[in-house]
Structures are given as C-alpha cells and as structure tokens.
Amino acid sequence: MIVLLHPRSTRPRNRRFPLALLSLAAVLERKEPYAIVDGNADPHPAQTLDRLAAKHHITLLAVSVMPGPQMVAAIPLCRDFRLKHPSVPIVWGGYFASLYTDAALNAKYVDFVVRGQGEETFLELIEALRATRRYAGVRGLSYKDDFGLHVHNAERPLRSPNDFPWLPYDSLPNAGKYIMPTFLGRRTAVHQASIGCPFRCNFCGVVPIFQGRQRTEAPERTAAILAHLQEKYRIDSVQFYDNNFFLNESHTVALAQKLIPLRLQWWSEGRIDTVVRYSDETFGLLKRAGAKMIFFGAESGSDWVLEEMNKRITTDQTLELAAKIRRFGIVPEFSFVVGNPKNPERDTRETIRFIRRIKRANPDAEIIVQHYIPTPHPDGMYGHVEGKIQFPRTPEEWATERWYNFTTRHDPNVAWLPRSIKRRIDNFELVVNSRWPTIQDIQLPGWGRAMLQCLSSWRYMLGFYEFPVELQWAQRFVSLRKPRLESL
Ligand code: B12
C-alpha cells in the first residue's frame, strides 16, 4: 500500500481538501492500493501511520510539503517513520520540496523529491521502484545516487488538468468535514482550475517551479466538477486556489457563463493588468457568476518597485481597477509586499500613501500588508539581496525560529529591512486592518469590529501609526484574522 501523507499545515477549523494528495490519489485509483492521512483533519497522524503499518505492507510514503508549518510538521513524522520502517522509501513533493530540493534531499529521511506537477512523475517513480524503469529517465525527479550525491533529472513538461482524472474526494476519510463555513457561504469547498502561472515576477515562489508556464482546465470541466461537489456535498461556495484564475477575457466569459447556473459564491486570484482591461459586460457577468472577492497582487505603491519586481503592472492600473470593480460590487483584495531592498524606506513611505489612495477610491477594498521577502531561485534571483542571505541546507535548519519566521513572513529579520522600517510596516498593517477588519473574519463579533474601528479611526485619519499599544492590547480580546496565513 502507498501512504499519501499531508502533514498539518493549518488549524483544523481552516482545513480544506488536501488537493495535492487527491491529485496523486486520482492517478493511483484502480491501479494501486493507497490511503490518505491528513494532519489537518487527523489529530494523531503518527498513530494513524502506525495503525496502517500494522495492518498493511507499506511500499512508499509520499509526503506533500509546503514551506512553513507543514514542513515543520513533516520532519518528526518522517523521521519517526524512517526509524520504524527503514526499508520503506520516502518521497517528498510540493512547494517546499520543489523550491529547496537539495535541502530536502539532505535529510536522511527523504529519498526522492518530485519537483513541480506531480502526477506523472509519481507514477513513473513507482515503476522505477519496481525496477521496471530507470530513475535517471524519470523527468521531474530528484534523488540520491549510490554515493549519496544529488541527481536532478530534467524538467517535465506541464500537463493540463484536463489530462488527469477527477479527484476522488470520497477516498478521504469523512470527506464532508472539509466543507467549512466561510464568509463566502455556509458550505465552502476548494478547487484549483489551473496549474502554474505565465508571469515571472522575480520575487515569487511559483516562477522557479513553473517557469512562466500555466495550463488551465476547460470551463466545462470546472463547472461539471463544481456541480458534482454541489450535488454530493451541498456546497454553496468555492475558493479557487489557482495562482492565476483569469487567463484572458474570452476564457473568463466562457467560465462565467458556465458558473452562473450553479449560483455559487466564490473567491479567486487574478492579475490587475488582465482584469482591469475587461469590459463592463464581463465585470457584470463575473458578478452574476458569483464572484464575491478577487485577490490581486498589487505588491507596491511605487512604480519603480513594480518595475524592479518585473511585475508588469502600474499603480495607475491598480487605482483604476479599485474604482471600476467597486461599481460591480466585487470586493478586491489587494496584497502588498513592502520594503523593497533597493530603498525600503521610500517603498514603505510611498506604499502607505498609495494604500490610502486605494481606500479613498474604494473603501471596501481589502488590504493585505506583508514584508518584501523574495523566494530564492536556483539561478539567484534575489533582486538586490544576493549574497545577503545564506539559505538553510536542511529541513531542520528551515525549521529553526529564524527561518520559520522568514518563511511565514512573520518576523523576517532580513538584512535589508531596518527594524525601524519593519516596525512602521507592522504598525501600519495593524492600524489599517483594525480600521477595516476583513469581511472574511466570520468569527469576529460585532462588538469586536466596532471596538477596533473606534480605536483605530483617529490614527488612520491623522496618519499616525506609531506605538499602537491600544490596538495591540485590543488584540488580546479580538485577534484579527490574517487571510493569507489562514486561508479564508
Ligand atoms: C492552500 C494553500 C495554503 C493553505 C493550506 C491549506 C491546506 N489545505 O493545507 C494555507 C492557507 C494554510 C497556506 C499557508 C501558507 N502558504 Co500556501 N498556498 C496554498 C495554495 C493557494 C494552494 C495549494 C494547493 O493545494 N494547490 C493544489 C495542488 C493540487 O497543487 P500543489 O500543492 O502544487 O500539488 C501538486 C504538486 O506540487 C505536486 N505535489 C504536491 N505535493 C506532493 C507530494 C508528493 C509525494 C508528490 C509526488 C507530488 C506532490 O503534485 C501536485 C499535483 O500536481 C498555494 C498556491 C497554489 N495555487 O499552489 C499557496 C502556496 C503553496 N503557499 C505558499 C506559502 C509561502 C504559504 C505560507 C508558508 C506563507 C504565506 N504567507 O502564504 C503559508 C503558511 C502560513 C502559516 N500557516 O503560518 C506559496 C509557496 C511558494 C513560496 N512562496 O514559498 C504558494 C505557492 C503561494 C504563493 N504564490 O506564494 N497555503
């Protein structure tokens, strides 16, 4: 039996379908016996692994590993499994393993890494383990040779989601418990209708993996899958996980038309330059199709920083979109990564000013403020931070407090961001998010919302963000939800 393991990555209340594992399960169906263990839903995954091992002959442990909490949770599970079952191979896949392949392989408990899209590489790895194929010929696979040296096979061409079977949701123990209430509805599911992203923003972790490639599911298939989820699990809303949900206007129109009859409410991620060009009719169609909120990477309020990042949008486009989308009642969620290494002070000053302009153009716009933390690229694409960071060499090093905080952008402590500027960014974030608590926070009581707004409005009005002690104090009673860290 093959065990597909999804170490815990979020709180149980935020759990969603583990799509990565379901994608692997889809290609194993009717070919290989498998079991899924999901740490977001199972409080004792180590014991579940023991139970499975006692009952079945496990031939492979396949682990999905995203940077941050999931990587940290993967370490003890794999270490323990390796001790108990030294002859069972362990393969890691997912964003952590794909971005930091050598670090993953440096762990004694990782034998193989599947980089990027996993389905076909995984099936071929299984054949290689059975000696019906050579490891060297498996595209997208990395492994250790007989001398322990790392071998990285060639990239695998990207396949369309249309080429793979539907996800076997029923294979999850109690699949219904992944349908959770969110601000979108009482029963929200998740779906990813494309893989990759065609853009090459030079700070983004998606670029080194997909290298400017994207493949998108046909609108008919997306709608058919959602209709199935509606029928089977009575979903009323969906969060799309795509890095880039909107391809071009004709695709968006076709998809929106297919979604209208489903009457679902949804959230997705899009590009400002793509969506701002849509006609009023298309915006109207999107609204009717159930678009409630769309996440956009606005990144900075400085055009020179956007150019530095190879973002290929302008601040004028962001402002235009903020005003335009308001007319259609769709909430834009603008994310900023503030403190560019070239001139963090100027970037911070200009971005704070810009966010205030957005809020004037569209008070409903939601704002996410993070520090600028580029994701390292194998060919050195750190913008102006080359040589300023020496990246960890093992999962254990990535799990140390310093690197954990870096990964989760919690307290990055990076060389190019002076503490005083970091504090300014954090204080501004607290003030703006207290002044307009996100509508995504369905657990924030009305009195909490009112208290935060009341405490922060004078600060926002005067542009005075320093020492927000009263807001920090208020956080003890009503902690603000961080959508990017917790999911909707
Ligand atoms: C859902 C999600 C989350 C959820 C996880 C919920 C859950 N279900 O566990 C939550 C909200 C918790 C989360 C958190 C974070 N996330 Co996140 N997340 C995503 C998101 C939107 C979707 C992931 C997904 O399920 N995709 C669908 C599946 C099918 O795709 P997949 O995971 O890539 O799987 C394929 C391959 O990778 C591979 N594969 C994956 N696992 C395995 C395992 C094996 C054995 C094999 C063979 C293959 C394989 O095969 C799969 C099928 O082809 C992605 C963006 C994206 N679209 O990918 C970001 C993303 C993965 N997250 C990212 C990051 C950084 C984080 C954080 C660490 C930091 C942050 N600020 O966002 C936090 C952690 C915060 C914390 N808790 O403190 C980055 C990773 C890249 C990077 N920049 O380092 C991404 C790409 C977002 C981005 N654009 O920056 N995240």
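Rules and cut-offs
Residues numbered from 1 in each chain as written. Predicted model: local features only at pLDDT ≥ 70, side-chain atom pairs only at ≥ 80, totals over all residues. Heavy atoms only, no water. Helix = DSSP H or I, 4+ residues; strand = E, 2+ residues; numbered from the N terminus. Rg over C-alpha atoms; globule rule 2.2 N^0.38 Å. Buried < 20%, exposed > 50% of the residue type's maximum accessible area, 1.4 Å probe, protein only. Contact = heavy atoms within 4.5 Å. Lys, Arg positive; Asp, Glu negative; His and termini not counted. Charge placed at Lys NZ, Arg CZ, Asp CG, Glu CD. Near = heavy atom within 4 Å. Polar contact = N/O pair within 3.5 Å; in protein donor to acceptor, adjacent residues only side chain to side chain. Nonpolar A, V, L, I, M, F, W, Y, C, P; charged D, E, K, R; others polar. Domains from an automatic or database assignment. Buried area = accessible area lost by both parts, 1.4 Å probe. Salt bridge = Lys/Arg side-chain N within 4 Å of Asp/Glu carboxyl O. Pairing = 2+ DSSP bridges. Right-handed = clockwise from strand over helix to strand, strands pointing away. Patch = residues over 30% accessible without salt bridge, like charges linked within 9 Å, V, L, I, M, F, W, Y side chains within 5 Å. Areas by Shrake-Rupley, 256 points an atom, 1.4 Å probe, with all protein chains shown as cover. Core = buried A, V, L, I, M, F, W, Y, C linked by side-chain atoms within 4.5 Å. Axes fitted to C-alpha atoms, helices over the stretch in contact; angles between N-to-C directions.

Draft legend 1. View of the overall build of the protein. Tallying secondary structure elements over the protein gives 20 helices and 16 strands in all. Over its C-alpha atoms the protein spans a radius of gyration of 23 Å, differing by no more than 12% from the 23 Å that the globule rule assigns to 488 residues. In terms of overall dimensions, the protein has a C-alpha envelope of 70 × 50 × 40 Å along the principal axes. Split into buried and exposed, the 488 residues of the protein put 58% on the buried side. Counting only contacts in the protein whose residues sit at least 6 apart along the sequence, the fraction spanning at least 24 positions is 72%. Of the charged side chains in the protein, 65 are positive and 51 negative; the average position of the first set lies 4 Å away from that of the second.

Draft legend 2. Layout of the site of the ligand. Taken together, 40 residues lie around the ligand, and S9, S64, G118, E119 and Y241 are the ones closest in. Y95 places a side-chain nitrogen or oxygen 3.3 Å from an oxygen atom of the ligand. At 3.0 Å, a backbone N or O of G118 approaches an oxygen atom of the ligand. Of the residues forming the shell around the ligand, the biggest block, four residues, is contributed by helix 1 (residues 19-28). Across the shell around the ligand, the residue classes break down as 16 nonpolar, 19 polar and five charged.

Draft legend 3. The arrangement of the domain arrangement of the protein in detail. Segmentation of the protein into domains returns domain 1 (2-152) and domain 2 (163-486). Using C-alpha coordinates to define each centre, domain 1 is positioned 28 Å away from domain 2. Taken together, the contact pairs 43 residues of domain 1 with 45 residues of domain 2. The junction of domain 1 with domain 2 conceals about 3,600 Å² of combined surface from both sides, 69% of it contributed by carbon and sulfur atoms.

Draft legend 4. Region of interest: the pattern of salt bridges. For the structure on display, the rule yields 24 salt bridges. Between K84 and D80 there is a salt bridge, and its shortest N-O distance comes to 3.0 Å. Here K84 and its partner D80 are both found in helix 3 (residues 69-84), four residues apart, which amounts to about one turn of the helix. Through salt bridges with shared partners, one network takes in E120, E124, E127, R133, R156, R159 and D163.

Draft legend 5. Local environment of unusual backbone geometry. Unusually for a residue other than glycine, Q211 sits at a positive phi of about 45°. With respect to the helices, strands and loops of the structure, Q211 is situated in the loop between helix 7 (207-210) and strand 11 (214-216). One non-glycine residue, R234, lies in the positive phi region at around 55°. Within the secondary structure, R234 sits in the loop between helix 8 (219-233) and strand 12 (237-240).

Draft legend 6. Geometry of the pairing of strand 12. Here strand 12 shows two buried faces, one formed by S237 and Q239 and the other by V238 and F240. Sheet topology note: the strand 9 (residues 185-191)/strand 12 ladder contains four bridges and is parallel. Opposite H191, over in strand 12, you have F240 as the bridge partner. With three bridges joining them, strand 12 and strand 13 (residues 265-270) adopt parallel strand pairing. When the sheet's bridge partners are listed, V238 is paired in strand 13 with W266. You can see the chain leave strand 12, run along helix 9 (residues 249-259) and come back into strand 13, and the turn it takes is right-handed.

Draft legend 7. Structural view of the pairing of strand 1 (residues 2-6). For strand 1, the buried fraction is high: five of the five residues fall into the buried class. Along strand 1, one buried face is formed by I2, L4 and H6 and the opposite face, lined by V3 and L5, is buried too. Relative to strand 2 (residues 34-38), strand 1 runs parallel, the two being bridged by five bridges. Within the sheet, the bridge partner assigned to V3 lies in strand 2 and is A35. After leaving strand 1, the chain enters helix 1 and then returns to the sheet as strand 2, a path that is right-handed.

Draft legend 8. Highlighting a negative patch on the surface. A cluster of acidic residues, D303, E307, D316 and E320, forms a negative patch at the surface. Every element with two or more residues in the negative patch is listed here: helix 12 (303-308) and helix 13 (315-326). Mapped onto the elements of the fold, E307 is located in helix 12.

Draft legend 9. Spatial organisation of the nonpolar core. Ranked by internal contacts, the top residues of the largest apolar core, which has 140 residues, are L4, F17, W92, F122, W266 and F334. For this core, the leading source of residues is helix 1, giving seven residues. Composition of this core by domain shows at least three residues from each of domain 1 (2-152) and domain 2 (163-486). When neighbours within four sequence positions are excluded, F334 is seen to be in contact with I272, F296, A298, T318, L321, A322, I358, A365, E366, I367 and I368. The next biggest cluster of nonpolar side chains, apart from the first, holds seven residues, and it includes F183, W267, F295 and V331.

Draft legend 10. Structural detail: the sheet that holds strand 7 (residues 150-152). The strand order 2-1-3-4-5-6-7 describes an open sheet built from seven strands, whose pairing is mixed. Strands at the two margins of the open sheet, each flanked by one partner only, are strand 2 and strand 7. The sheet shows a mean angle of 20° between the axes of neighbouring strands, taken without regard to direction. Contacts between helix 3 and the sheet are confined to strand 1, strand 3 (60-64) and strand 4 (90-93), with strand 4 contributing the most and set at about 170° to the helix.

Draft legend 11. Region of interest: the sheet that holds strand 14 (residues 291-299). Taken together, seven strands build an open sheet; the order of strands is 8-9-12-13-14-15-16 and the sheet is mixed. Here the strands that pair on one side only, and so sit at the sheet edges, are strand 8 (180-182) and strand 16 (366-371). The mean inter-strand angle of the sheet, taken between neighbouring strand axes irrespective of direction, is 30°. Contacting strand 15 (331-338) and strand 16, helix 17 (residues 419-435) crosses the sheet at an angle of about 160° to strand 16.

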